[in-house]
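Analysis of the macromolecular model
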Amino acid sequence: MSGVMKRMGMIFRAKANRALDRAEDPRETLDYSYQKQLELLQKVRRGVADVATSRKRLELQLNQLQNQSTKLEDQGRKALALGREDLAREALSRRAALQQQVTDLETQHQTLQGEEEKLTLAAQRLQAKVDAFRTRKETIKATYTAAQAQTRIGEAFSGISEEMGDVGLAIQRAEDKTAQLQARAGAIDELLASGALDDQSGMAKDDIQAELDRLSGGTDVELELQRMKAELAGGTSQAIGSGGGSSPQQAIEGGTGQDESQSQQQDTPRFDKQ
Amino acid sequence: MIVRIMGEGQVRLDDGHLTELNKLDDELLTEMESGDESGFRRTLTALLEEVRRLGTPLPDAALEPSELILPSPDATLEEVREMLSDEGLIPG
């Protein structure tokens, strides 16, 4: 066939990754596939439950048989105690038949147990696979959505319509601007780091400046301290000199508040005078 | 075989019907290539009607890839020609 139908079909398949046909959306296919896997998992789980139920039923039967077997053994013992060997023989032969059934059931029980373990393991593995698929599916879906958006942008760039063309240009401009800003920020960082560019913000200081600042700061403190000492010394001598303005006791009290040792030294002669 | 009519959905067709549909399909291609607009419209309508008549529609939720694809009933000769050009159905 070489007609329109075939050719369109071929083109569709060739462009399948771009064909955004609703019913053939790969996201839907993935979801569908996931759904199928979940159903399968459900079936396996149901299988595990069925096997487990059969095993339980066997266990109940086994218990009943064991009880009957014990009962027959007791009966045999009693019969023997009563001197009824024939009865004892009957009881023991029935017990032997039961034991055969017990052995058969035990074999079946073991087989079922093995089956159940295998199925449980399979269910666990399948669960892990389904979980992994779900993650992968979501990733693929996200990638597909992104690709779809990219295709639309691509269409905009290709200028399908004037309007779309404008959108394309706006995107281009925004991308250029971002790239430019990023490049500029990167370049400035490099220049600052290399010292080729001064930091105008005043935030960064080199270590030498910091040390100088520290030293000058320390000097300022020392100078301030000296100045205050000098002021204090001058103030005290003024107070002594003026005399009549304030009593000696007032002078002492005032001095004590500022520098005790200094006051002691200076005030001692005045006590002597009194 | 699954056939899609663009804009309408998919139908399941028995392979036995393909021979008769092929005749119409080839006719449609010839008319498209020769630029016979009225012939193209007539044949496309006939082809689509045959597909609808012979096929069983698939539910919308069905996820089956289409083996054959047909243009929508209102597609013009020019549109179909463009679709079949090198650019394909999706530009880019």
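Being a predicted model, the structure only gives us computed values, none of them experimental.

Looking only at helices and strands, chain A has seven helices and zero strands in total. Along chain A, from the amino end to the carboxyl end, the secondary structure elements read α-α-α-α-α-α-α. Burial statistics for chain A: of 274 residues in total, 19% are counted as buried. Look at the contacts in chain A between residues 6 or more apart in sequence, and 69% of them connect residues 24 or more apart.

When you go through chain B residue by residue, the secondary structure sums to three helices and four strands. The order of α-helices and β-strands along chain B, N terminus first, is β-β-α-α-β-β-α. Scored against the burial criterion, the 92 residues of chain B give a buried share of 47%. In chain B, the share of contacts with a sequence separation of at least 24, taken over all contacts with a separation of at least 6, comes to 69%.

Here the focus is the nonpolar core. Of all hydrophobic cores here, the largest spans 28 residues; its most connected members are Val 3, Val 51 and Val 80 of chain B. Those elements giving two or more residues to this core turn out to be helix H1 (4-14) of chain A together with strand E1 (2-5), helix H1 (18-34), helix H2 (37-54), strand E4 (68-70) and helix H3 (77-83) of chain B. Setting aside chain neighbours within four positions, we find Val 3 of chain B in contact with Met 5 of chain A together with Gly 9, Gln 10, Val 11, Leu 13, Val 51, Leu 68 and Leu 70 of chain B. Core analysis: the next-biggest nonpolar cluster, separate from the first, contains nine residues, Leu 30, Leu 41, Val 48 and Phe 133 of chain A among them.

On to the sheet that holds E4 of chain B, then. Residues and elements named next belong to chain B. Spatially, the four strands line up as an open sheet ordered E3-E2-E1-E4, and their pairing is mixed. Two strands in the sheet have a free side with no partner beyond their single neighbour: strand E3 (56-57) and E4. Summarising the sheet, E1 and E4 pair through three bridges and their orientation is parallel. Bridging across to E4, Ile 5 finds its partner in Leu 70.

Cut-off values and rules
Residues numbered from 1 in each chain as written. Chains lettered and ligands numbered in written order. Predicted model: local features only at pLDDT ≥ 70, side-chain atom pairs only at ≥ 80, totals over all residues. Heavy atoms only, no water. Helix = DSSP H or I, 4+ residues; strand = E, 2+ residues; numbered from the N terminus. Buried < 20%, exposed > 50% of the residue type's maximum accessible area, 1.4 Å probe, protein only. Contact = heavy atoms within 4.5 Å. Core = buried A, V, L, I, M, F, W, Y, C linked by side-chain atoms within 4.5 Å. Pairing = 2+ DSSP bridges.

So far we have only geometry, and geometry alone does not tell us how the molecule works.
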